[in-house]
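# Close look at the chain arrangement
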Amino acid sequence: MSTPNGFPQHSGACATPSTEGGAVQDLHAKKAGKAAKKEPGDNGLLTFEDPPTVGTSLNETLKLLPAELKANMKIKSFTPRPPRKPRLERAASLDEKSWRRWRRFRTSQESLTDPNETSSSNGSLQEASLSPPVRGRASPCCPQNSLHSSQDALEASAVGKSRGGTSDLGKRASEISSAFGGLLRGKAFAGGKPRLSQITPVRPLPPLELNVASHTLRTANRIDSDCMDYRYYSQHKFGRVSSSLSDTRLHGNGMVYDNCSTDSMKSTFSLLTPIRSKDVRSRSYLEGSLLASGALLGAEELSRYFPDRNIGIFVATWNMQGQKELPVNLDDFLLPTEADYAQDMYVIGVQEGCPDRREWEIRLQETLGPHYVMLYSAAHGVLYMSVFIRRDLIWFCSEVEYATVTTRIVSQIKTKGALGISFTFFGTSFLFITSHFTSGDSKVNERKLDYNKTIQALTLPKNVPDTNPYRSSSSDVTTRFDDVFWFGDFNFRLNKDRETVDSILNQNPETDVSKLLAYDQLISEMSRGSIFKGFQEADIHFRPSYKFDIGKDSYDTTSKQRTPSYTDRVVYRSRYKDDIRAVKYSSCPVIKTSDHRPVFALFRVKVRPGRDNIPLAAGQFDRDLYLIGIKRRITRELQKRQEQKDQRSSSICSIS
């Protein structure tokens, strides 16, 4: 009968008589794992059938033995055996190799996760442990566990009586066994495995994915060639990876765990992909085409900046009524709270702009901050348009072109007309038009004439080639571009009296304006196809943007009692279906310096790769405007902090 550790159980005494060499024999049997035989006779000589496998273990042991014990022992010489011939077997297929690899991993995983597992994973050692011990080995009895049984076995063989009857021999043998106690305590006998104590971390570990691979670290360092799912994972998990990561943001995003990880992350994270020398040396006939590797406007560069090939565009229109006074804060206008992130491009059109156009542009630059630069601005009388873009995207823009159209021939002051700005971004051409059509409740036909004159007389593009000339028309400028955004004061009114409109607004004070839109002139004309052919407009869920009392939220209270209307609009069209998706369409009611409320729209626009054979803007932007805007931004912030400091330090004295 055997115990779970594989040792036989006896009912007699625990100590077994042995010779003077018995203790040493037992010691080497435990140390080298080999069976030792005792020769017949009374001289107590030992012979080893197989020498110890450890090279110098026997010699080191003999050095520790006393002189009397060395005299009673002799070692037989042995001849080293030649290595065994390799066993021939058939070559395994790829399926068999993968199955064996999986089996070994699965078996080792089960042995690691099973807390009750104490034997080998393949069972071969377990079978050996169940076999009876080799003759000549000391046999311990009643073991509690593998570690205690190995210690007790040595002590029993050393303390037991021998035929020599010398007591100091047993003491010396026990000293030898204690010398190897540390080695024997770290190992279990055949069939057992050492157990490690559980280590508890100082602080909780970060959560891991199911596949035990940190996607954050793999996708952030985009030079990792093994991370093939970067495009999908960055789109659904990160949105867009930021180019500047401070220590706080690294820890807050869960990308690193401690300071060591922060240093490692910052040393490897870069938006610039390393360029190999052999790639620079190579020549290709595809250079300059869409499929070229390393092209400035090619697919590789586009996917690096926009993995989903979509950019965010902010388009806004505002009739300023020629007011000199500008709003104190434009944050609610350009950076609405509905959007979590700022857009890649900002296009603002103004009708009846303020007298100081430069001051208006400085205020725009000050609000958008150092991450944006003004790519281009143009004016036609009191019609202004400004295009701001993220500063790291200016290298992918073509030359910017603009054109104007005047719809009033007699008027010396160009208050009515259109202004267009066009350029190509990567391989997608854009056209932005801001217009101010004829005013008047009943002048619908005049407004349609303004539209027709604009699409015929706007001469764009000029030097930048058309991306798809086969789908263009010489009589309509909007067909010569991939994406067109038309915004401005179109002056289309509601065909209803003031009392009816007021009653509808009072019944639905918030967003339900469907009853008002039933009387809208522009929606009616677009449904007939008489204006803005091929254009779309997002759903309207805001109150009419015209006409307000300046500085108030009430509509016109003058003697004219003008009917509230949706005069300020944003429409769009695309050469390819579903390339433009409207995200938000609303007004900004907090800006009250004009009788019009600003109207803005947020879009997600698909961008295609382009060719490097177009005239580029070469990274040009209005540097003077950038420096003035940033300086004023800093100055205002310092003044604000100083005012708060003075307010905290001031004391109020009350006289009773």
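Residues numbered from 1 in each chain as written. Predicted model: local features only at pLDDT ≥ 70, side-chain atom pairs only at ≥ 80, totals over all residues. Heavy atoms only, no water.

### Some thoughts on the nonpolar core
For the record, the criterion: Nonpolar core, defined: a set of buried Ala, Val, Leu, Ile, Met, Phe, Trp, Tyr and Cys residues in which side-chain atoms within 4.5 Å join the residues together. Exposed residues in this analysis have more than 50% of their type's maximum accessible area, buried residues have under 20%, and partly exposed residues fall in between, with area computed by a 1.4 Å probe over protein chains only.
Membership of the largest hydrophobic core comes to 53 residues, with the highest contact counts inside it found for Phe 425, Phe 432 and Phe 485. One finds Ala 316, Trp 318, Cys 588 and Phe 600 within the second-largest nonpolar core, a separate group that totals 25 residues.

### Examining helix H18 (residues 498–507)
The following threshold applies: A run of H or I in DSSP becomes a helix once it reaches four residues, and a run of E becomes a strand once it reaches two; helices and strands are each numbered from the N terminus. Comment: arc refers to directions from the helix axis out to C-beta atoms. We call two residues in contact when some of their heavy atoms are within 4.5 Å. N or O atoms closer than or at 3.5 Å make up a polar contact, with two conditions inside protein: a donor-capable atom paired with an acceptor-capable one, and, for residues adjacent in sequence, both atoms drawn from side chains.
Taken together, the buried positions of H18 are Arg 498, Val 501, Ile 504 and Leu 505. Taken end-on, H18 shows its buried residues confined to a sector of 130°, consistent with a single buried face. Away from its buried face, by an angle of more than 90 degrees, H18 presents the exposed residues Glu 499, Asn 506 and Gln 507. Summarising the contacts, the buried residues of H18 are in contact with helix H19 (514–517). Regarding H18, its N-cap is Asp 497, as a side-chain oxygen of that residue lies 3.3 Å from the backbone nitrogen of Glu 499 further along.

### Quick word on the packing of aromatic side chains
Let me state the cut-off plainly: Ring geometry is summarised as follows: Phe, Tyr and Trp rings, the Trp one being its six-membered ring, pair when their centres sit within 6.5 Å, and such pairs are stacked at plane angles under 30 degrees, edge-to-face over 60 and tilted between the two.
Applying the stated rule across the entire model yields 30 aromatic pairs. Taking the centre distance of 6.0 Å and the plane angle of 55° together, the rings of Trp 318 and Trp 360 count as tilted. Here Trp 318, found in strand E3 (residues 310–319), pairs with Trp 360, found in helix H16 (residues 357–368); they are 42 residues apart in sequence, far enough to count as distant. With a centroid separation of 6.4 Å and 70° between ring planes, the pair formed by Phe 437 and Trp 486 is classed as edge-to-face. Of the two residues, Phe 437 is situated in the loop between strand E9 (428–436) and helix H17 (444–457) and Trp 486 in strand E10 (residues 483–489); the sequence distance between them amounts to 49 residues. Accessibility expressed as a relative area gives 1% for Phe 437, which makes it buried. Trp 486 sits in the buried class, given a relative accessible area of 0%. Pairwise contacts between aromatic rings join Phe 314, Trp 318, Phe 333, Tyr 346, Trp 360, Tyr 372 and Phe 600 into one cluster.

### Description of the packing of H16 against helix H21 (residues 623–649)
Applicable threshold: Only C-alpha atoms enter the line fits that serve as axes; for helices the fit covers just the stretch in contact. Angles between N-to-C directions range over 0 to 180 degrees. Here a crossing is called left-handed whenever its near helix is offset anticlockwise from the far helix by less than a right angle, and right-handed whenever the offset is clockwise. Each residue is assigned to one class: nonpolar for Ala, Val, Leu, Ile, Met, Phe, Trp, Tyr, Cys and Pro, charged for Asp, Glu, Lys and Arg, and polar for all the others, Gly among them.
Across the interface, H16 lies against H21 with an axial gap of 8 Å and an inter-helix angle of 65°. The two elements H16 and H21 meet at a crossing, and its hand is right-handed. In contact with Arg 358, Glu 359, Glu 361, Ile 362, Arg 363, Gln 365, Glu 366, Thr 367 and Leu 368 of H16, H21 contributes Asp 624, Leu 625, Tyr 626, Ile 628, Gly 629, Arg 632, Arg 633 and Arg 636. A class-by-class count of the residues in the contact of H16 with H21 yields five nonpolar, three polar and nine charged.

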